[in-house]
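Remarks on the overall topology
What follows is each chain in one-letter form.
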Amino acid sequence: MTLHKLTAEAALQQLTTLPQWTLDGSSQAITREFVFSNFVQAFGFMSQVALLAEKHNHHPEWRNVYNKVGITWTTHDVKGLSSQDILLAELCDQAYEAIKSKP
């Protein structure tokens with residue numbers, strides 16, 4: 001699959017569907033911090049995202065401190081954002097909502 005860098009306009013348009021994600025214009029990346037009840041929930045989320053990333057052959061830059069997971073998506077091959085970054089951000093949001101909706 002050949003990826004193409006999103007134009008600034010396209011990136012901003014795509015981000016309207018991802019209100020919790022922040023565009024870093026200088027690095028051409030999107031970032032979000034996810035907060036969980038505890039470390040186990042955070043680590044479970046990271047495991048889910050790792051499987052999604054591997055399935056799509058597109059991997060995040062991330063960090064974890066106890067119950068917080070910060071994720072950055074960018075496509076190094078195009079030196080900016082691609083449709084893969086948007087897709088994986090959407091999948092992260094879905095995984096997060098599934099975890100947060102469990103009692």
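Everything quoted here is computed from the prediction, not taken from an experiment. (Residues numbered from 1 in each chain as written. Predicted model: local features only at pLDDT ≥ 70, side-chain atom pairs only at ≥ 80, totals over all residues. Heavy atoms only, no water.)

Digging into the confidence of the model for the chain
With 96% of its residues at a pLDDT of at least 70, the chain reaches an overall mean of 91. No element of the chain has a lower mean pLDDT than helix 1 (residues 8–15), which averages 86, and none a higher one than strand 4 (residues 68–73), which averages 97. (pLDDT = per-residue confidence, 0-100. Helix = DSSP H or I, 4+ residues; strand = E, 2+ residues; numbered from the N terminus.)

Some remarks on the environment of H56
Looking at the secondary structure, you find H56 in helix 2 (residues 39–56). C-alpha of H56 to C-alpha of V35: the two residues are 21 residues apart in sequence and 24 Å apart in space.

So, the packing of helix 2 against helix 3 (residues 83–100)
At a closest axis distance of 10 Å, the pairing of helix 2 and helix 3 adopts a crossing angle of 145°. Our pair here, helix 2 against helix 3, has a crossing hand that is right-handed. Touching Q41, F45, Q48, V49, L52, A53 and H56 of helix 2 are Q84, L87, L88, L91, C92, A95, Y96, I99 and K100, all from helix 3. The residue inventory of the contact of helix 2 with helix 3, partitioned by class, reads 11 nonpolar, four polar and one charged. (Axes fitted to C-alpha atoms, helices over the stretch in contact; angles between N-to-C directions. Left-handed = near helix turned anticlockwise from the far one by under 90°. Contact = heavy atoms within 4.5 Å. Nonpolar A, V, L, I, M, F, W, Y, C, P; charged D, E, K, R; others polar.)

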